[in-house]
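Residue-level structural notes
In case you want the letters, here they are:
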Amino acid sequence: VQLQASGGGLVQAGGSLRLSCAASGRTFSSYAMGWFRQAPGKEREFVAAISYGGGSTSYADSVKGRFTISRDNAKNTVYLQMNSLKPEDTAVYYCARSRSRLPQRTNYDYWGQGTQVTVSS
């Protein structure tokens, strides 16, 4: 399984970005997917997760109401729509495949390479 994240960039505070994560393989629709982020000098943290079918989601409190995770199983792609971005959202964002069908904050086995998101004030 290979995961390729894209869509990062530089945006002003209050702006929006949409991240995409394309997955290889034929098992994409069997597993939950998640987004994580790591800011400089900080540990990687959970951002959002979505169940294998897309019907259930989970979010970190810090992004709830601003970020939306979705997936298109026909395209083997998971998305993270980020609105009302804040400088504290600046980080490298990673997509990952869960070992479970349900959205969780841990228990991921495959990781993408990351995409940089920078929010200027």
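As a starting point, this report considers the structure included with it. (Residues numbered from 1 in each chain as written. Predicted model: local features only at pLDDT ≥ 70, side-chain atom pairs only at ≥ 80, totals over all residues. Heavy atoms only, no water.)

**Considerations on the packing of aromatic side chains**
Counting across every chain of the model gives four aromatic pairs. Note on Phe36 and Trp111: the rings are 4.9 Å apart at their centroids and 55° apart in plane angle, and the pair reads as tilted. Taken together, the residues Phe36 in strand β4 (residues 33–38) and Trp111 in strand β10 (residues 108–111) connect sequence positions 75 residues apart. Residue class for Phe36 comes out buried when judged on its relative accessible area of 5%. When its relative accessible area of 30% is taken as the criterion, Trp111 is described as partly exposed. Measuring from ring centre to ring centre gives 6.1 Å for Tyr108 and Trp111, while their planes differ by 50°; the resulting arrangement is tilted. Among the aromatic residues, those joined into a ring-pair cluster are Phe36, Phe46, Tyr108 and Trp111. Its guanidinium or amino end placed over the ring of Tyr31, Arg97 lies 3.8 Å from that ring's centre, counting from NZ or CZ. Stacked on the ring of Tyr52, the Lys or Arg Arg101 has its end atom at 4.5 Å from the ring centre. (Phe/Tyr/Trp six-rings, centres within 6.5 Å; stacked < 30°, edge-to-face > 60°. Helix = DSSP H or I, 4+ residues; strand = E, 2+ residues; numbered from the N terminus. Buried < 20%, exposed > 50% of the residue type's maximum accessible area, 1.4 Å probe, protein only. Lys NZ or Arg CZ within 6 Å of the ring centre and 35° of its normal.)

**Re unusual backbone geometry**
With phi around 55°, Asn76 is a residue other than glycine that occupies positive phi space. Structurally, Asn76 can be placed in the loop between β7 (67–72) and β8 (77–82). Not every positive phi belongs to a glycine, and Ser84 is a case in point at roughly 50°. The topology assignment puts Ser84 in the loop between β8 and β9 (91–98).

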